[in-house]
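These are the residues of each chain, in order.
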Amino acid sequence: FFSKNYEMMQIFFNRLNVDAYKDDYEKLKVQEFIAEYFYHVGQLDAAIDLCKSALQSLGFIVPEKVSDLMLFRERYKLKQKIKNIACLEKLPEMRKTKDILIMRYLAKLIQIVSFLRTNDAQFLSCKMVDFVVKHGKSLVSPLAFAFYGAFEFSKQCNFKNGVFFSQTALEMSEDVKD
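Every chain is numbered on its own, with residues counted from 1 as its sequence reads. Totals for whole chains, interfaces and linings use all residues, but because this is a predicted model, local features are given only for residues with pLDDT of at least 70 and pairs of side-chain atoms are given and counted only at 80 or more. Side-chain figures throughout are based on the complete set of non-hydrogen atoms in the structure, without hydrogens or water.

Peer 1: Would you mind going over the packing of aromatic side chains in detail, with residue names and values included?
Peer 2: Each aromatic pair joins two rings of Phe, Tyr and Trp (for Trp, the six-membered one) with centres within 6.5 Å, and gets the label stacked for planes under 30 degrees apart, edge-to-face for over 60, and tilted for any other angle. Enumeration according to the criterion identifies 6 aromatic pairs in this entry. Arranged with centres 4.7 Å apart and planes meeting at 80 degrees, the rings of Tyr148 and Phe165 form a pair that is edge-to-face. With Tyr148 in helix H8 (residues 141-154) and Phe165 in helix H9 (residues 159-175), the pair connects residues that are 17 residues apart, well separated along the chain. Residue Tyr148 shares its accessibility class with Phe165, and that shared class is buried. Through a chain of ring-to-ring contacts, three or more aromatic side chains come together here, namely Phe145, Tyr148, Phe164 and Phe165. Note on conventions: DSSP H or I runs of at least 4 residues are helices, E runs of at least 2 residues are strands, and numbering of each starts at the N terminus. Partly exposed describes any residue whose relative accessible area lies between the buried limit of under 20% and the exposed limit of over 50%, with all areas from a 1.4 Å probe on protein chains only and scaled to the type maximum.

Written as structure tokens, this is what we have:
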């Protein structure tokens, strides 16, 4: 299936518009698989568009391009929210399928854009951590903190925050249930 047969993949992709799925979430899970396919065959723009489209259908809007000011503002807001470190220890389990799908798509989108658009990837990782703080933790939550810690460390040269978020990711990965 992961061949370079783009025509067959396009036919499969077009079938997503058919109402043959039990619900929208089933359709979104198939789209996630297709985005992964596009990523692996090097069609990054198609993978990005598909992830953004899926996030939008879940009510999570991703900006087309992230400016330095947008990134600064999101980092500042997140810093204010996480001043109280204890809030991270008491996060509930994320239960809604919609929220879990948003987290999975954000993780996929960060993976895809991290080398192409670093501001976008940093912004999305910031939003992902914020989403965890608001909605609770899931299996994907440690990735949010790991991504954000990596960006703080490598792009912002903020070693203290980078280490903090990376350690939080490790601790959270031990706490999250399979």
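The discussion continues.
Peer 1: I'd like a description of the pattern of salt bridges, backed by residues and values.
Peer 2: Salt bridges are defined as contacts in which a side-chain nitrogen from Lys or Arg sits within 4 Å of a carboxyl oxygen from Asp or Glu. Evaluated as defined, the whole model comprises 7 salt bridges. A salt bridge links Glu74 to Lys127, with the shortest nitrogen-to-oxygen separation between them at 3.6 Å. With Glu74 in helix H4 (residues 68-81) and Lys127 in helix H7 (residues 118-135), this residue pair connects regions lying 53 residues apart in the sequence. Across the pair Lys81 and Asp130 runs a salt bridge whose closest N-O atoms are separated by 2.4 Å. With Lys81 in helix H4 and Asp130 in helix H7, this pair connects stretches of sequence that are 49 residues apart.

Peer 1: Run through the side chain of Ser114, naming residues and quoting values.
Peer 2: Along the chain, the position of Ser114 falls in the loop between helix H6 (97-113) and H7. Of the polar contacts made by the side chain of Ser114, one reaches the backbone oxygen of Gln111; its length is 3.3 Å. Excluding its chain neighbours within four sequence positions, the residues that come into contact with Ser114 are Ala121 and Phe151. Polar contact criterion, stated in full: a pair of N or O atoms within 3.5 Å, where within protein one must be able to donate a hydrogen and the other to accept it, and residues adjacent in sequence count only if both atoms are side-chain atoms. Only heavy atoms matter for contacts: two residues are in contact if any of them lie within 4.5 Å across the pair.

Peer 1: Kindly report on the packing of helix H2 (residues 24-40) against H6, identifying the contributing residues and their values.
Peer 2: Angles run from 0 to 180 degrees between N-to-C directions of axes, and those axes are lines fitted to C-alpha atoms, restricted for helices to the stretch in contact. Between H2 and H6, the least distance of the axes is 11 Å, while the angle of their chain directions is 10 degrees. One element, H2, and the other, H6, form an angle in the roughly parallel class. The residues of H6 that touch H2, namely those facing Tyr25, Leu28, Lys29, Gln31, Glu32, Glu36 and Tyr39, are Thr97, Lys98, Leu101, Arg104, Tyr105, Lys108, Gln111 and Ile112. In this classification, Asp, Glu, Lys and Arg are treated as charged, Ala, Val, Leu, Ile, Met, Phe, Trp, Tyr, Cys and Pro as nonpolar, and every other residue, Gly included, as polar. Counted by class, the contact of H2 with H6 contains 6 nonpolar, 3 polar and 6 charged residues. An angle counts as roughly parallel when it lies under 35 degrees, as roughly antiparallel when it exceeds 145, as roughly perpendicular when it falls between 65 and 115, and as oblique in every other case.

Any functional reading would require information beyond the geometric quantities listed.
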